[in-house]
Each structure stands twice: as structure tokens, then as C-alpha cells.
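The lines below spell out each chain.
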Amino acid sequence: MYKIRLAEQTNDPGPFNKLRDDISEFRVTYFGNQIRLLAFWDKSDHRNVLVLVTHGFIKKVDKVPGNEIERAINIREKYFKDKIQDYD
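Residues numbered from 1 in each chain as written. Predicted model: local features only at pLDDT ≥ 70, side-chain atom pairs only at ≥ 80, totals over all residues. Heavy atoms only, no water.

> Mind laying out the packing of aromatic side chains, listing which residues take part and the relevant values?
Scanning the model with the defined rule gives six aromatic pairs in all. Each ring, one from Tyr 30 and one from Phe 31, has its centre 4.6 Å from the other, and the planes form 80°; the classification is edge-to-face. (Phe/Tyr/Trp six-rings, centres within 6.5 Å; stacked < 30°, edge-to-face > 60°.)

> Mind laying out unusual backbone geometry, listing which residues take part and the relevant values?
With a phi close to 50°, Asp 21 is a non-glycine residue in the positive phi region. Relative to the elements of secondary structure, Asp 21 occurs in the loop between strand S1 (16–20) and strand S2 (23–30). Of note, Asp 22 is a non-glycine position whose phi angle comes to about 65°, a positive value. Among the secondary structure elements, Asp 22 is positioned in the loop between S1 and S2. (Helix = DSSP H or I, 4+ residues; strand = E, 2+ residues; numbered from the N terminus.)

> Outline the nonpolar core, supporting the account with residue identities and numerical values.
Side chains of nonpolar character tend, in soluble globular proteins, to be buried together. Counting eight residues, the largest nonpolar core is built from Ile 23, Leu 38, Phe 40, Phe 57, Val 64, Ile 69, Ala 72 and Ile 73. Of all the secondary-structure elements, those providing two or more residues to this core are strand S3 (33–42) and helix H2 (66–87). Per-element tally for this core: the top contributor is H2, with three residues. Discounting chain neighbours no more than four positions away, the residues touching Val 64 are Leu 19, Glu 25, Phe 57, Lys 59 and Ile 69. (Core = buried A, V, L, I, M, F, W, Y, C linked by side-chain atoms within 4.5 Å. Buried < 20%, exposed > 50% of the residue type's maximum accessible area, 1.4 Å probe, protein only. Contact = heavy atoms within 4.5 Å.)

> Could you give me a rundown of the side chain of Glu 68, with the residues and numbers involved?
Within the element layout of this structure, Glu 68 appears in helix H2. Although Glu 68 is buried, it forms no salt bridge, and the closest oppositely charged side chain is Arg 71 at an N-O distance of 4.2 Å. (Lys, Arg positive; Asp, Glu negative; His and termini not counted. Salt bridge = Lys/Arg side-chain N within 4 Å of Asp/Glu carboxyl O.)

> Describe the sheet that holds S2, listing the residues and the values that go with them.
Spatial strand order, S1-S2-S3-S4: four strands in an open sheet with antiparallel pairing. Unpaired on one side and paired on the other, S1 and strand S4 (50–58) mark the two borders of the sheet. Going from strand to strand, the sheet's axes swing by 35° on average, the running direction of each strand aside. Strand direction decides the pairing type here: S2 and S3, joined by seven bridges, are antiparallel. By the bridge assignment for S3, Thr 29 is matched with Gln 34. (Pairing = 2+ DSSP bridges. Axes fitted to C-alpha atoms, helices over the stretch in contact; angles between N-to-C directions.)

This is the structure in C-alpha cells:
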């Protein structure tokens, strides 16, 4: 939570690494485990920016597994599709 609050307070996207298709990775080490949170931004409000975390996992290899990125992409697409339908 410390790193998330720090990023929020300083408006610094530094802890986030862009992966692909507007999905970013937030890295945290907790009790020796490398935890990864995948996230995306919703800037549609033009006043407030939301950072939405799709899911997290314990990283066991150097590269983020493709299936984890695909999962985040699918969640992002569903989020924006549902958001558009809510406005209709």
C-alpha cells in the first residue's frame, strides 16, 4: 500500500512499467515474493484519472507471462464496453 499511496501523492507513474495495449505493471516485493499488479488508466472524466488494477500474481519468471497480460487486456476491454453501455 505504501508504494501505491506514494504514486498517488506524488502523481508519479514511476512504479508502473508499461507492458502493452495500455496495460502497465506495478511491482512490489513482499516477504521476498515479487508481486505484480496489472493495471490500466481511465482518463475519460478529464478531471479525475482512475487507475484500475485488474489482478495480481506472484511473478516466478523474469518476463510477465502473456496469459496474464491477455487477462488484463480482456478485463480492460470489458470495463470500457460496460462503461459505454451504462451511458446509453
